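One letter stands for each residue in the lines below.
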Amino acid sequence: MSPETSYLIAATSKGSLHQLPLDVTKWSNSHNSNVNAHSAPVHKALTDPSSPQTLFTCSDDATVKVWDLRADLRNPIHILQNSRNLPFFSMDVRHGLVSAGSQLKGTDSELVLWDTRKLNTPLRSFIDSHNDDITDTKFHPTRKNLLLSGATEGYVNIYDLNI
């Protein structure tokens, strides 16, 4: 990305995304992008370390949306959901995978995993691992098979994705 097109992405509790140039001299309504990305609060916005032009957002509207930052942000390139339509509270992207943790519904929350090369179907889902909101999920920075999740019930789970 060239310096003239570098920007920050800010997500809001109203479900919108704001694209703000890093060069403050370019801050004007004509250069700022404000997109109604989700119909509920956005909890996290991350770029893919291996593909920085790809943005992932997760929301209370029970979706993870994938955006191409080189294109108009009005339309996501993928919309990911979980089997129980649970609001997503946390997310991480690394090693060609996306993980998203949900809020509690009934007795369990859900941790969903997608392969970034095939986003039309979840790769795996963990339903019985937490019994409260999954507040964070992180891939190990170097060990591609390790995923951690933490929830408000106080548990931190470690998943070996090779099993």
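Before going into details, it helps to say that this report is about the structure given with it.

So, how was this worked out
- Chains are numbered independently. Their residues run from 1 in the order of the written sequence.
- Where local features are concerned, this predicted model is filtered to residues with pLDDT of at least 70; where side-chain atom pairs are given and counted, the filter is 80 or more; whole-chain, interface and lining totals use all residues.
- In computing side-chain properties, one takes all heavy atoms of the structure into account and sets aside hydrogens as well as water.
- What counts as a helix is a DSSP run of H or I of at least four residues, what counts as a strand is a run of E of at least two, and both are numbered from the N terminus.
- We compute the radius of gyration over the C-alpha atoms and compare it with the globule rule, which gives 2.2 Å times the number of residues raised to the power 0.38.
- Exposed residues in this analysis have more than 50% of their type's maximum accessible area, buried residues have under 20%, and partly exposed residues fall in between, with area computed by a 1.4 Å probe over protein chains only.
- It only takes one pair of heavy atoms within 4.5 Å for two residues to be counted as in contact.
- All accessible areas in this document rest on Shrake-Rupley with a 1.4 Å probe, and a residue is counted as covered only by the protein chains that are shown.
- When charges are counted, neither His nor the chain ends are considered; positive counts come from Lys and Arg and negative counts from Asp and Glu.
- All charge positions are set by atom: Lys at NZ, Arg at CZ, Asp at CG, Glu at CD.
- When DSSP locates at least two bridges between a pair of strands, those strands are taken to pair.
- Every axis corresponds to a line fitted to the C-alpha atoms, with the helix fit spanning only the stretch in contact, and the corresponding angles, defined between N-to-C directions, vary from 0 to 180 degrees.
- By salt bridge we mean one thing: a side-chain nitrogen of Lys or Arg within 4 Å of a carboxyl oxygen of Asp or Glu.
- Buried residues of nine kinds, namely Ala, Val, Leu, Ile, Met, Phe, Trp, Tyr and Cys, make up a nonpolar core once their side-chain atoms join them within 4.5 Å.

### Quick notes on the overall build of the chain
Within the chain, the regular secondary structure consists of 0 helices and 14 strands. Secondary structure elements of the chain, listed N to C terminal, follow the sequence β-β-β-β-β-β-β-β-β-β-β-β-β-β. A compact globule built from 163 residues would reach a C-alpha radius of gyration of about 15 Å, and the chain, at 16 Å, matches this within 12%. Taking the principal axes of its C-alpha atoms as reference, the chain extends roughly 50 × 30 × 30 Å. Counting over 163 residues, the chain shows a buried share of 42%. Summarising the internal contacts of the chain: among those between residues at least 6 apart in sequence, 35% fall at separations of at least 24. Summing over all exposed atoms, the chain offers an accessible surface of approximately 8700 Å²; the carbon and sulfur share of this is 51%. Positive and negative charge centroids in the chain, built from 15 and 17 side chains respectively, lie 5 Å apart.

### Section: the sheet that holds strand β7 (residues 78–81)
Taking strand neighbours across the sheet as the criterion, the 4 strands line up as β4-β5-β6-β7 in an open arrangement whose pairing is antiparallel. The open sheet has two edge strands, β4 (42–48) and β7, and neither has a second partner. On average, each strand axis in the sheet is inclined to that of its neighbour by 20°, with strand direction left out of account. In the sheet, strand β6 (residues 63–68) pairs with β7 via 4 bridges, with the strands oriented antiparallel. Residue Val 66 lies in a different strand from β7, and its bridge partner there is His 78.

### Looking at the pattern of salt bridges
Under the definition given, this model contains 3 salt bridges. A salt bridge links Lys 44 to Asp 136; the shortest N-O distance between them is 3.6 Å. Of the two residues, Lys 44 is situated in strand β4 and Asp 136 in strand β12 (residues 134–139); the sequence distance between them amounts to 92 residues. By relative accessible area, which is 30% here, Asp 136 ends up partly exposed. Taking the shortest distance from any N to any O, the salt bridge between Asp 115 and Arg 117 comes out at 2.7 Å. Overall, Arg 117 belongs to the exposed group, its relative accessible area being 75%.

### As for the nonpolar core
If you look at the biggest cluster of nonpolar residues, it comprises 13 residues, and the most contacted ones within it are Phe 56, Val 64, Leu 80, Phe 88, Met 91, Val 98 and Trp 114. The dominant element in this core, judged by the number of residues it contributes, is strand β8 (residues 88–94), at 3 residues. In this structure, Val 64 is in contact with Phe 56, Thr 57, Cys 58, His 78, Ile 79, Leu 80, Phe 88, Met 91, Ala 100 and Trp 114, ignoring residues within four places of it in sequence.

### Notes on the pairing of strand β9 (residues 97–102)
Most of β9 is tucked away, with 6 of its 6 residues classed as buried. Where burial is concerned, the two faces of β9 agree: the one with Leu 97, Ser 99 and Gly 101 and the one with Val 98, Ala 100 and Ser 102 are both buried. Relative to β9, β8 runs antiparallel, the two being bridged by 6 bridges. The residue of β9 that forms the bridge with Ser 90 is Gly 101. Here β8 hands over to β9 after 2 residues, with His 95 in that stretch at a positive phi of 60°. One ladder, built from 5 bridges, connects β9 with strand β10 (residues 111–115); its direction is antiparallel. Residue pairing for β10: Leu 97 is matched across the bridge by Asp 115.

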